[in-house]
Amino acid sequence: MTLADTQPQALNFECETGNYHTFCPISCVAWLYQKIEDSFFLVIGTKTCGYFLQNAMGVMIFAEPRYAMAELEEGDISAQLNDYEELKRLCTQIKRDRNPSVIVWIGTCTTEIIKMDLEGLAPKLEAELGIPIVTARANGLDYAFTQGEDTVLAAMVQRCPDKPVGEVEKEERNSISKLLNFGRKKEEVAVTESEYAKHTPLVLFGSLPDPVVTQLTLELKKQGIKVSGWLPSKRYTELPVIEEGYFVSGINPFLSRTATTLMRRRKTKLIGAPFPIGPDGTRAWIEKLCSALGVEPKGLAEREAQIWESVEDYVKLLRGKSVFFMGDNLLEISLARFLIRCGMTCPEIGIPYMDKRYQAAELELLSKTCREMGVPTPTIVEKPDNYNQIQRIYAQDIDLVITGMAHANPLEARGINTKWSVEFTFAQIHGFTNARDVLELVTRPLRRNNSLKDLGWGKLVKDAKV
Amino acid sequence: MKLAYWMYAGPAHIGTLRISSSFKNVHAIMHAPIGDDYFNVMRSMLERDRNFTPVTISSVDRNVLARGSQEKVVDNITRKDAEETPDLIVLTPTCTSSILQEDLANFVQRAQIDTKCDVLLADVNHYRFTELQAADRTLQQIVQYYIAKAKKKGQLPEGKTEKPSVNIIGISSLGFHNQHDCIELKRLMADIGVEVNAVIPEGASVLELKNLPKAWFNLVPYREIGLMTAEFLKEEFGMPYVDITPMGVVETARCIRKIQDVVNAQGGDVNYEDFIENQTLYVSQAAWFSRSIDCQNLTGKKAVVFGDNTHAAAMTKILSREMGIHVVMAGTYCKADEKWFREQVSEYCDEVMISDDNGAIADAIARIEPSAIFGTQMERHVGKRLRIPCGVISAPIHVQDFPIGYKPFLGYEGTNQVADLVYNSFTLGMEDHLLEIFGGHDTKEVITRGMSADSDMNWTKEAQLELNKIPGFVRGKIKRNTEKFARDRNLSEITVEAMYAAKESVGA
């Protein structure tokens, strides 16, 4: 045995041209307005932005929506109109028609280019209208797709109260514990409290569907860890209390700005952990939280093994197959790590943006997983070039390509299995409970094509490369 | 600033890309921030295109903002020229990048030096033009460019084709039922002995645009895209054009008669009257439908029509003239062409509405309470809320506007499709009477209760709440699986924990 074998295999990072397709970061509006039930999202941009939300995202603005476009017209661009007066007119109307608890202004590329001072205008208008206005710059010049959520959450960090105002309010804010204690009497709640270990309060950040919030909260409760609050909460008025010295942890890989803001502005301590995606990631995440909070983890190995056993029917479809990530939603590293653990190989992980610090624990787990599974480490390609990637996909004879919507049908027509990366953005993929859902998605193209394989319909374009 | 919840027409660059990507072997480079290239998604997802959309983004990021795009755009053009060997590369900004005021024309000139292909900058104002106006303009720009090029090289063909011939102008990618309309129009032309000299832009090669003047006339089926090109060819070569949309029995006949005039004016000797009569009375089912007893009950029913100019005007005429339906309101979102629309529909409806404010249109529909709506996807949705049926007759496009089966709106087969659409949108015939007399089929409220004796599982309040959060279409299945799980384990009560344990074990 040489010394080299015991060294961790170094990950290979590359950066390409950035000529790739992904969704605009304003797409976060589509899920955040549903998550934060008393909010109103106002996207300040052009027709290009509006048509994207309406058409490409498939989020038809049909029933009484809680988001809208402030469509910039020629007069706004040429600064003939006063930004403040215009925004005041629109926000007054929104307040009158919808009466939200908060208006979130989503800045776009255009507001960046014309240097509209949204951060300067918001406090003034907030005071005048008497309604909180949160400003986020979810523009495509700086961010990709899911990072839009990061800009919104980072802005909301500033709005979290720094101390509970009174017992009653504290209780109201803490919607999770309220939910879990629903209908119980106070003494019973006190008993429940004793189920938790004594630890510094922990706040988790990242927007998840409510059932997943409950699942992860319960999963941590089993370890005696109490989640003091989630950012974002179901309602803006229930944002979690964040005091100096609290522990915080992100549940998604695209939240590096929020993490930085929590550390720098609110003096919290970030627990850098792999993300709770896949049984392996979930276990590592819980272990890391336990160790930071001084709690002895219990039963995790059994729990992980039990999940692996329950998904074996899916895993056996994946073993030995190769997966290629074109790069879209920044979940790529976590998903690749999970799929490698399932026995797949992964030559390339495209990713729009790679924050090596925020994702350090995840990258480390990726290296470790590759080592343990005895497969080569993937090349991580930041700002990929879709054209070049497609040539590499042809050359490497890939079994499954995780790709954005623009390339899925053309690849399928050439006999290459694909899965839309956006589905992982919208599906419930976090925690032990949802490992099966991830695999359900990943194996679907393989299962579908198994059922069609005798038809001889592999390639549906003439003279296609491949 | 405008508070907007919905747009009937997309931004200008979508129009430009619809034209460029309709042509064969033409590539577009978008000078735009990441995410603005969602046109690719529309092509791939809505039109279910098997090929990679010939559009590449040259991304505008912080660096470009700080220092200008410098070599980036030029490099991307020359690179695409080498990779794909297209005949033409069209460069377009979006609303966003157009305000950077970079000298894109200069980039195009510089790129042209090194490329084998032609390079054009799409010349549209991104704040004044809608998708439709931009598409119209880009098509004209490309045609004009290749006509001028051929002229300069002395490659313009002399004279006309031997037999009467036509260029069909305006069939494009992501157009409302365009592909099917195109097949139907070709069939119609074949039936009346007119050769199709060219169809542009869909499937056409830019290198063959120089042959456009060989046709006897141009046919522009859609008011929104193609008129500028037809006008240009008229000015340049004196080519006549027919811009009557052959939608509905009467308008199709009028279109064919106009073609007859145009052909005969150029020395042809054709008479299509027998053909029109035969198609109208015996081939198309639409005229017979109008006379049938079914359609009798449509007489005087109220309808609202809304859409683009072409389809809203044609539909208004069909409903009013061919089916005796009372069109209370006809409207369009093509505000730039308001005058034409008013001229076309005024005599066939009570009121005309020119607006791109979906709220105002919804309010008008609620006020009028028509028996049916013929509109866009937006009006279909409004109809759902008001419980008024709606037939979709116009863009903005939706995946449902790309049916796999053959569903043209134009020509004689189109008349059948439209008749079906109308018929299915109203409750008709005996059903209508029965509903009126007896007040509907199911007057008795359906009583639902727990059916099986063994589903007496206790759900805790929290679990019940959790269950309610699960989307309705899978809730039943999850409930059943969870109860089965609980029974198997002799749990008397279902808690949230039990719910998720069940999910893990049975994949509920």
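Residues numbered from 1 in each chain as written. Chains lettered and ligands numbered in written order. Predicted model: local features only at pLDDT ≥ 70, side-chain atom pairs only at ≥ 80, totals over all residues. Heavy atoms only, no water.

(A) Representation of the pattern of salt bridges. Considering all chains together, one arrives at 54 salt bridges over all chains under this definition. Across the salt bridge formed by Lys-419 of chain A and Glu-423 of chain A, the nearest N and O atoms sit 2.9 Å from each other. In terms of burial, Lys-419 of chain A and Glu-423 of chain A fall into one category: buried. A single network of salt bridges, built from pairs that share partners, joins Glu-112, Glu-119, Arg-137 and Asp-142 of chain A together with Arg-62 of chain B. (Salt bridge = Lys/Arg side-chain N within 4 Å of Asp/Glu carboxyl O. Buried < 20%, exposed > 50% of the residue type's maximum accessible area, 1.4 Å probe, protein only.)

(B) Layout of the sheet that holds strand E2 (residues 26-32) of chain B. All names here are of chain B. The parallel open sheet is built from four strands, whose spatial order is E3-E2-E4-E5. Where the open sheet ends on each side, the last strands, each with one partner, are strand E3 (55-59) and strand E5 (118-121). Sheet twist, expressed as the average angle between the axes of neighbouring strands with direction ignored, equals 25 degrees. Of the pairings in the sheet, the one linking E2 to E3 comprises five bridges and is parallel in character. The partner of Met-30 across the bridge, within E3, is Ile-57. Contacts from helix H1 (residues 12-22) reach E2, E3 and strand E4 (88-93) within the one sheet, and its direction differs from that of E4 by about 170 degrees. (Pairing = 2+ DSSP bridges. Helix = DSSP H or I, 4+ residues; strand = E, 2+ residues; numbered from the N terminus. Axes fitted to C-alpha atoms, helices over the stretch in contact; angles between N-to-C directions. Contact = heavy atoms within 4.5 Å.)

(C) Spatial organisation of the interface of chain A and chain B. Listed by partner, the interface residues are 90 residues for chain A and 67 residues for chain B. The contact between chain A and chain B buries some 6800 Å² in all, and 60% of this surface belongs to carbon and sulfur atoms. Counting every contact that joins chain A to chain B gives four salt bridges. Note that Arg-62 of chain B is salt-bridged to Asp-142 of chain A, the shortest N-O span being 2.6 Å. Joining chain A to chain B, the criterion identifies 25 residue pairs in polar contact (both at pLDDT 80 or more). Of the residues belonging to the side of chain A that touches chain B, the class tally is 46 nonpolar, 23 polar and 21 charged. Bridge analysis of strand E3 (residues 67-71) of chain A against strand E1 (residues 2-4) of chain B gives three bridges, and the strand direction is antiparallel. (Buried area = accessible area lost by both parts, 1.4 Å probe. Polar contact = N/O pair within 3.5 Å; in protein donor to acceptor, adjacent residues only side chain to side chain. Nonpolar A, V, L, I, M, F, W, Y, C, P; charged D, E, K, R; others polar.)

(D) Molecular detail of the packing of helix H7 (residues 131-152) of chain B against helix H9 (residues 227-237) of chain B. Residues and elements named next belong to chain B. Relative to each other, H7 and H9 sit at 30 degrees, their axes nearing to 7 Å. Classified by the interaxial angle, the pair formed by H7 and H9 is roughly parallel. Crossing of H7 against H9: the hand is right-handed. Two secondary-structure elements touch here, H7 through Asp-136, Arg-137, Leu-139, Gln-140, Val-143, Gln-144, Ile-147 and Lys-151 and H9 through Leu-227, Met-228, Thr-229, Phe-232, Leu-233, Glu-236 and Phe-237. (Parallel < 35°, antiparallel > 145°, perpendicular 65-115°, else oblique. Left-handed = near helix turned anticlockwise from the far one by under 90°.)

(E) Summary view of the packing of aromatic side chains. Using the criterion set out here, one finds 17 aromatic pairs over all chains in the structure. Ring plane angle 55 degrees and centroid distance 5.8 Å describe the contact between Trp-308 of chain A and Phe-338 of chain A, whose orientation is recorded as tilted. Here the residue Trp-308 of chain A occupies a position in helix H15 (residues 300-310), and Phe-338 of chain A occupies one in helix H17 (residues 332-341), the gap between them amounting to 30 residues. Assigned by exposure class, Trp-308 of chain A and Phe-338 of chain A land together as buried. Joined through ring pairs, the aromatic side chains of Phe-23, Trp-31, Phe-52, Phe-145 and Phe-426 of chain A together with Tyr-38 of chain B make up one cluster. The ring of Tyr-84 of chain A has Lys-124 of chain A lying over it, and the distance from NZ or CZ to the ring centre is 4.3 Å. The ring of Phe-13 of chain A has Lys-356 of chain A sitting right over it, with the charged end atom 4.2 Å from the ring centre. (Phe/Tyr/Trp six-rings, centres within 6.5 Å; stacked < 30°, edge-to-face > 60°. Lys NZ or Arg CZ within 6 Å of the ring centre and 35° of its normal.)

(F) Layout of the domain arrangement of chain A. Domain parsing of chain A yields domain 1 (25-144), domain 2 (192-293) and domain 3 (300-464). Computed over C-alpha atoms, the centres of domain 1 of chain A and domain 3 of chain A are 35 Å apart. (Domains from an automatic or database assignment.)

(G) A nonpolar patch on the surface, seen in detail. Residue and element names in this part refer to chain A. Taken together, the side chains of Leu-452, Leu-455, Trp-457 and Leu-460 make up a nonpolar region of the molecular surface, amounting to roughly 410 Å² of accessible area. Secondary-structure assignment places Leu-452 in helix H22 (residues 435-452). Residue class for Leu-452 comes out partly exposed when judged on its relative accessible area of 36%. (Patch = residues over 30% accessible without salt bridge, like charges linked within 9 Å, V, L, I, M, F, W, Y side chains within 5 Å. Areas by Shrake-Rupley, 256 points an atom, 1.4 Å probe, with all protein chains shown as cover.)

(H) Inspection of the side chain of Glu-149 of chain A at higher detail. Residues and elements named next belong to chain A. Relative to the elements of secondary structure, Glu-149 occurs in helix H8 (residues 147-157). Within the local environment of Glu-149, its side chain forms a polar contact with the backbone nitrogen of Ser-207, the two atoms lying 2.8 Å apart. With sequence-adjacent residues up to four places away left out, Glu-149 is seen in contact with Cys-28, Trp-31, Leu-32, Gly-206, Ser-207, Phe-254 and Leu-255.

(I) How the structure looks around helix H14 (residues 278-293) of chain A. Residue and element names in this part refer to chain A. Look at H14: 22 Å from first C-alpha to last across 16 residues, which is about the 22 Å you get at 1.5 Å a residue. Those residues of H14 not exposed but buried are Gly-278, Pro-279, Asp-280, Gly-281, Thr-282, Ala-284, Trp-285, Ile-286, Leu-289, Cys-290 and Leu-293. Phi turns positive one or two residues past the end of H14, at Gly-294, with a value near 70 degrees. (Expected span 1.5 Å × (residues − 1).)

(J) Just the nonpolar core, in detail. Core analysis: the largest hydrophobic core is formed by 240 residues, its most contacted members being Phe-41 and Ile-106 of chain A together with Ile-142, Phe-217, Ile-259, Phe-374 and Val-422 of chain B. With near-sequence residues (within four places) excluded, Phe-217 of chain B lies in contact with Ser-165, Val-166, Asn-167, Val-194, Met-239, Pro-240, Val-242, Ile-259, Val-262 and Val-263 of chain B. The next biggest cluster of nonpolar side chains, apart from the first, holds 33 residues, and it includes Ile-44, Leu-90 and Met-116 of chain A together with Cys-95 of chain B. (Core = buried A, V, L, I, M, F, W, Y, C linked by side-chain atoms within 4.5 Å.)

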